[in-house]
Amino acid sequence: QVQLVESGGGLVQPGGSLRLSCSVSGFRFNLYVMRWYRQAPGKKRELVAHIDRGGGNTNYVDSVKGRFTISRNNAKNTMYLQMNSLKPDDTAVYYCNARRMPINSYWGQGTQVTVSS
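Residue positions are given per chain, counting from 1 as you read along its sequence in written order. In view of the model being predicted, local features appear only for residues whose pLDDT reaches at least 70, and side-chain atom pairs are presented and counted only at 80 or more, with totals across whole chains, interfaces and linings using the full set of residues. Derived side-chain values reflect all non-hydrogen atoms in the structure, with water molecules and hydrogen atoms excluded from consideration.

Asks: Break down unusual backbone geometry for me, with residues and values.
Replies: In this chain, M101 is followed by P102 through a cis amide linkage whose omega measures 0°. The helix and strand labels rest on DSSP assignments: H or I over at least four residues marks a helix, E over at least two residues marks a strand, and numbering proceeds from the N terminus. For P102, the position within the fold is in the loop between β9 (92–100) and β10 (104–107). A positive phi angle is found at N77, which is not glycine, with a value near 55°. Mapped onto the elements of the fold, N77 is located in the loop between β7 (68–73) and β8 (78–83). Residue classification places N77 among the partly exposed residues on the basis of a relative accessible area of 27%. Backbone geometry places S85, a non-glycine residue, at a positive phi of 50°. Mapping S85 onto the fold places it in the loop between β8 and β9. When a residue's accessible area, from a 1.4 Å probe over protein chains only, is under 20% of the maximum for its type it is buried; when over 50% it is exposed; and in between it is partly exposed.

Asks: Break down the state of the cysteines for me, with residues and values.
Replies: What makes a disulfide is a covalent bond joining the sulfur atoms belonging to two cysteines. Here, a disulfide means two cysteine sulfur atoms that sit within 2.5 Å of each other. This model, assessed by the stated rule, comprises 1 disulfide. A sulfur-sulfur separation of 1.9 Å characterises the disulfide bridge that pairs C22 with C96. Across the S-S bond of C22 and C96 the torsion is about -75°, and the bridge reads as left-handed. One end of the pair, C22, is in strand β3 (residues 18–25); the other, C96, is in strand β9, and 74 residues separate them in sequence. One exposure class covers both C22 and C96, and it is buried.

Take a look at the structure:
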């Protein structure tokens, strides 16, 4: 059974940090590129960060460059998003996505991140 489970979300003050994790099972993790998406209230779902199969190449949306870092540990079947210098505009539900086109794309349930004073 395929499962992607996010963790690490919560409430944090502006300027603070949070580390999200996505633990996967039921498929060959090292054959899939991984992505973090987010969706804020009233806004379209947004691609936040991307990492290739081996973890050597990453990409980010402009609004988080220099603040967020995506990584993966293939031996642990886990992907991470380190979020620093958080802003209220970062408030959203964050989703883990595993993609092996054209074969499969899998999604997690999402985890809420709220940045507020």
